[in-house]
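Residue-level structure breakdown
These are the residues of each chain, in order.
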Amino acid sequence: MNVIELNHPLIEHKLALLRDEKTGTKEFRELVSEIAMFLCYEAMKNVELTEVEVKTPIEKFKTHILDEDKYAFVPILRAGMGMLDGVITVVPNAKIGHIGMYRNEETFEPVNYFFKVPKNIDKKEVFLLDPMLATGGSAIDAIDLLKGKGVKKINFLCIISAPEGLEAVSKKHPDVPIYTAHIDRELNENKYICPGLGDAGDRIYGTK
Ligand code: PRP
Ligand code: URA
């Protein structure tokens, strides 16, 4: 499987705070954003740079910069929006798309209700954002929609993932690398991730 798990004491620390049921909305949102920034850092490890000449106060030299316009961040609504601040802090000129998806509470099947992506998305590398990868249904459908628009390079960034979801996404879309801050134990009978962090959208927006 094409899965990269962030193994770092700082991530474990931030995840412990994030998972704690006592963590309130403000801190939860800040932590989601910070962890997203680390996921983005890892996921962009192998991007290609463009050579430029820079003149320091001392001398001219050749170095490299990122052509930010070649990249797009696409959060899956609602919870994925919580990751956007973090990633645009590090790549502020990337373009942004939105995919609206919710899980039917009885069937656990994803329902798509919104899709808006930047023009020329087929020429950009996309970083799809969603803090939770549970059954994998939402991720699979979102990737299908992007591929339907001609996107060739997609990366999926999630904070917590379940083994069941990782397997499902990897099977359907083996070409999509999945960057996750942590792989949890399993899904429960309601398809919630255990130990997980509860409902990410509700905790980000304080809706329950
Ligand atoms: C959550 C989460 C993912 C999805 C994961 O969204 O943010 O999009 O569930 O589950 P899956 O892997 O089984 O598809 P939810 O449906 O709760 O919507 P929300 O973000 O609007 O709260
Ligand atoms: N969506 C969430 O927000 N949390 C889960 O554990 C599973 C799906």
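Procedures and definitions
- Residues numbered from 1 in each chain as written.
- Chains lettered and ligands numbered in written order.
- Predicted model: local features only at pLDDT ≥ 70, side-chain atom pairs only at ≥ 80, totals over all residues.
- Heavy atoms only, no water.
- Near = heavy atom within 4 Å.
- Polar contact = N/O pair within 3.5 Å; in protein donor to acceptor, adjacent residues only side chain to side chain.
- Areas by Shrake-Rupley, 256 points an atom, 1.4 Å probe, with all protein chains shown as cover.
- Nonpolar A, V, L, I, M, F, W, Y, C, P; charged D, E, K, R; others polar.
- Helix = DSSP H or I, 4+ residues; strand = E, 2+ residues; numbered from the N terminus.
- Buried < 20%, exposed > 50% of the residue type's maximum accessible area, 1.4 Å probe, protein only.
- Contact = heavy atoms within 4.5 Å.
- Salt bridge = Lys/Arg side-chain N within 4 Å of Asp/Glu carboxyl O.

**Quick look at the site of ligand 2**
Ligand 2 sits among Arg103, Met132, Ala134, Lys191, Tyr192, Ile193, Gly198, Asp199 and Ala200. Taking Ile193, its main chain carries an N or O atom lying 2.8 Å from an oxygen atom of ligand 2. At 2.8 Å from a nitrogen atom of ligand 2 is found a main-chain nitrogen or oxygen belonging to Gly198. Surface burial for ligand 2 is 88%, taken as the share of its 230 Å² of free accessible area covered by protein chains. Residues belonging to the shell around ligand 2 are distributed by class as follows: five nonpolar, one polar and three charged.

**Brief notes about the side chain of Ser170**
As for its placement among the helices and strands, Ser170 is situated in helix H5 (residues 163–172). On the basis of relative accessibility, which here comes to 12%, the residue Ser170 falls in the buried class. One polar contact links the side chain of Ser170 to the main-chain carbonyl oxygen of Leu166, over a distance of 2.7 Å. With residues near it in sequence (within four places) discarded, Ser170 still touches Met1, Asn2, Val3 and Ile178.

**Description of the pattern of salt bridges**
Across all of its chains, the model carries 16 salt bridges by this definition. One salt bridge in this structure joins Asp122 and Lys123, with 3.4 Å as the shortest N-O distance. A relative accessible area of 63% places Lys123 in the exposed class. Here Glu125 ties to Lys153 by a salt bridge, and the two come within 3.4 Å at their closest N and O atoms. With Glu125 in strand E8 (residues 125–129) and Lys153 in strand E10 (residues 153–161), the pair connects residues that are 28 residues apart, well separated along the chain.

**Things to note about the site of ligand 1**
Around ligand 1, the structure places 16 residues, and the nearest of them are Arg103, Asp130, Thr135, Gly136 and Ser138. Residue Arg103 places a side-chain N or O atom 2.8 Å away from an oxygen atom belonging to ligand 1. One of the backbone nitrogen or oxygen atoms of Gly136 is found 2.8 Å away from an oxygen atom of ligand 1. The biggest single contributor to the shell around ligand 1 is strand E6 (residues 98–103), with three residues. Of the residues that constitute the shell around ligand 1, the class distribution is seven nonpolar, five polar and four charged.

**Re the environment of Ile65**
Mapping Ile65 onto the fold places it in strand E3 (residues 60–65). With 63 residues separating them along the chain, Ile65 and Leu128 place their C-alpha atoms 23 Å apart. With residues up to four places along the chain from it excluded, the contact list for Ile65 reads Leu49, Thr50 and Val52.

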